[in-house]
Amino acid sequence: MALLQRVAEQGRRVVRFTLDGRPVEALEGDTILTAMLTNGDRLRRTEFADTPRAGFCMMGACQDCWVRTEEGERLRACGTFIADGMRLLSNGEWNS
Amino acid sequence: MSEVLPPVIVGAGPAGIRAAERLVAAGLRPVVVDEAARWGGQIYRQPPDGGFTRPKTALYGFEAGKADAVHRAMAAIRDRVDYCPRTLVWNCEAGALDLLSEGASEALPFSHLILATGATDRVLPFPGWTLPGVFTLGGSQVALKFQGCAVGRRVAFLGTGPLLYLVAYQYLKAGVEVAGVFDTTPFTTQACATAGMLRDPATLAKGLLFVGWLRAHGVPIHNGVRPVRGEGAERVDALVWRDARGQERRTACDAIAFGLGLRSETQLADLAGCRFRFDEADRAWLPERDGAGRSSVPGVYLAGDGSGISGADAAELAGERAALAMLEDLGRPVEAARVKELDGRLARIAAFRRSLSAAFPFPVDWADAIADDTMICRCEGITAGAVREVARSGQAREMNRAKALTRAGMGRCQGRMCSATTAELLSRALGTGPDGVGRLRAQPPIKPLPVSAGAERREVA
């Protein structure tokens, strides 16, 4: 279930990407954090305790929101915008 | 040679923009480097490009006029500054900044630098604070302002400071259910501080309006609260808290927005070699600055919340003031009357800030209640007990040794989220004051960067 709830600005163009292989939708101008958390309830699992994380500060300070792409790239979810065709994973760095 | 280098401003929030505006007015062409994609800083952050339509009155409320003025100021000088958005300054040494932009690193030499690096939420941990659904107050506001999203359907607001009531009010206005406001400050403390806040009746009135609005909509406001834990397995589903009488209570929610005031981003000032002092009001080590914004390093100036928390209005004034100080130091004429006016207004805001800190004090006993098994470091899962142990065993008497031994402060966030906690735990275990355990030395890169960015430094001409 989605963690973030859209309450405004819903008239934007739809962007299509995959989350753990599942085709899902976000809106243009969404960060990866918003795109993932309106389609699920975590960004990754931690490498230390295997617990779920969903970001924290949303302004590039806490570094809690790194996510992996299927290609192995690491992106900071709060500061990177979603784009068509992205293939994102929410299992964490060492579990994918 | 130093005269030929353009002045550099780090940060395009209210301080950085007003500094740039003043330098442009003096005929200089500053370089403005900012990590965000659009100018405005955190407080006046603008929505991304791509179909966002809410007007500024919806985004910034009572501050819409100020936000718009700051945005317009930057737009008006856009072609007279070298503006570098989406650019991280990851180091500062030997008269140059290291920048990371579009995955590539390059050095930017400077002779005169204004640091307007801003602030993030100050936090202390409680069990469950890493669960999905627990966000900072500032982050919760970013979600709403920048993305049109709420962090949950039923949100609990925890902590203290003006942001606590402001963000709760903004969420309520956006149609989100507010499960409650859980203020760590006792009611009597706030009531006593109200007299001092009469120095700025407009700001006080706004605060009272937020509280009144929340109450009128049935939102419970609790004072003197301490968190017990956030509950939930895969995501948060309740806040368990202790009320002012010590009674444990539970409030169902699917998100917690929390923060205990703000924390200055001082890493670049540290790397620039600025001398620091302990500030009692902010309960933090801050780079020294004179009333005009001069740091201890010639040519390096400080403005805005990045060198001490004083809010957006003060940041605008301090940004302009720092630019005027720079112009004075460059031997250029400055208008004495304007300097005097800025100094007067900054002094009045400083007096008001003292009342505000009295109304929303840092909960000094929170750290004592952190159980040994509570995770204090989000990056690497280090516990409070680990920090206390290196203090009690005599192995660490200050922050950097504690970091070396426990790794608290060594993870990806470089101590941004844990250093307030570590300082509290360490100083209390050692029986010193909060200023008795030193401060974490900043280390480049101040934020993670890909090795492919080429960390080698180009020759500085």
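Residues numbered from 1 in each chain as written. Chains lettered and ligands numbered in written order. Predicted model: local features only at pLDDT ≥ 70, side-chain atom pairs only at ≥ 80, totals over all residues.

## Here we look at the domain arrangement of chain B
Short version of the rule: How far each domain reaches was decided by an automatic or database domain assignment.
You can read the domains of chain B as domain 1 (2-120 + 263-332), domain 2 (123-260) and domain 3 (366-430). A C-alpha centroid distance of 31 Å is found between domain 1 of chain B and domain 3 of chain B.

## So, the UniProt feature "domain: FAD/NAD(P)-binding" (unreviewed entry) in chain B
The condition is simple: UniProt positions are given in the numbering used here, feature names are shortened, and annotations may be inferred rather than shown by experiment. Strands are runs of DSSP state E lasting at least two residues, helices are runs of H or I lasting at least four, and both sets are numbered from the N terminus onward.
Following the UniProt record, the feature "domain: FAD/NAD(P)-binding" (unreviewed entry) maps to residues 8-315 of chain B here. Spanning residues 8-315 of chain B, this segment combines 30% helix with 30% strand, and its end C-alpha atoms are found 17 Å apart.

## So, the nonpolar core
All names here are of chain B. The cut-off we apply is this: The term nonpolar core refers to a group of buried residues, namely Ala, Val, Leu, Ile, Met, Phe, Trp, Tyr and Cys, whose C-beta atoms join them within 7 Å. With C-beta atoms placed from the backbone, a residue counts as buried when 20 or more other C-beta atoms lie within 10 Å of its own, as exposed when 12 or fewer do, and as partly exposed for counts between those limits. A pair of residues counts as a contact when their C-beta atoms, built from backbone coordinates, are within 7 Å of each other.
Counting 98 residues, the largest nonpolar core has Val 155, Phe 157, Ala 168, Ile 256, Ala 257, Val 387 and Leu 426 as its most contacted members. In terms of residue count, the dominant contributor to this core is helix H5 (residues 162-173) (eight residues). Those residues in contact with Val 155 that lie beyond four places of it in its chain are Ala 150, Tyr 171, Val 176, Val 178, Ala 179, Cys 253, Ala 255 and Ala 257. If you look at the next biggest cluster of nonpolar residues, it comprises 67 residues, including Trp 39, Leu 113, Ala 323 and Leu 356.

## Concerning the sheet that holds strand S3 (residues 82-84) of chain B
Residues and elements named next belong to chain B. Formally: Only strands joined by at least two bridges in the DSSP assignment are considered to pair. Note on definitions: angles span 0 to 180 degrees between N-to-C directions of axes, and those axes are lines fitted to C-alpha atoms, for helices only across the stretch in contact.
Sheet architecture is open: five strands sit in the order S3-S2-S1-S7-S21, paired in parallel fashion. Where the open sheet ends on each side, the last strands, each with one partner, are S3 and strand S21 (300-302). Sheet twist, expressed as the average angle between the axes of neighbouring strands with direction ignored, equals 15°. Bridge count for strand S2 (residues 31-33) against S3 is three bridges, and the pairing is parallel.

## Here we look at the sheet that holds strand S13 (residues 221-222) of chain B
Residue and element names in this part refer to chain B. Taken in spatial order, the five strands line up as S9-S17-S11-S12-S13 in an open sheet, and their pairing is parallel. The sheet is open, and its two edges are formed by strand S9 (134-136) and S13, each paired on a single side. With six bridges joining them, strand S11 (residues 154-160) and strand S12 (residues 177-183) adopt parallel strand pairing. Bridged to Ala 156 within S12 is Gly 180. Running over the sheet, helix H4 (residues 137-147) touches S9, S11 and strand S17 (255-260) and is turned about 90° from S9. Along the sheet, H5 makes contact with S11, S12 and S17, crossing S12 at roughly 170°.

## Some remarks on unusual backbone geometry
Of the consecutive residues B:Pro444 and B:Pro445, the connecting peptide bond is found in the cis state with omega at -5°. With respect to the secondary-structure elements, B:Pro445 resides in the segment after helix H13 (419-430). At A:Glu9, a position not held by glycine, the phi torsion is positive, near 60°. Following the sequence through the fold, A:Glu9 ends up in the loop between strand S1 (5-6) and strand S2 (14-19). Positive phi, close to 75°, is recorded for B:Arg407, a residue that is not glycine. Along the chain, B:Arg407 falls in the loop between helix H12 (399-406) and H13.

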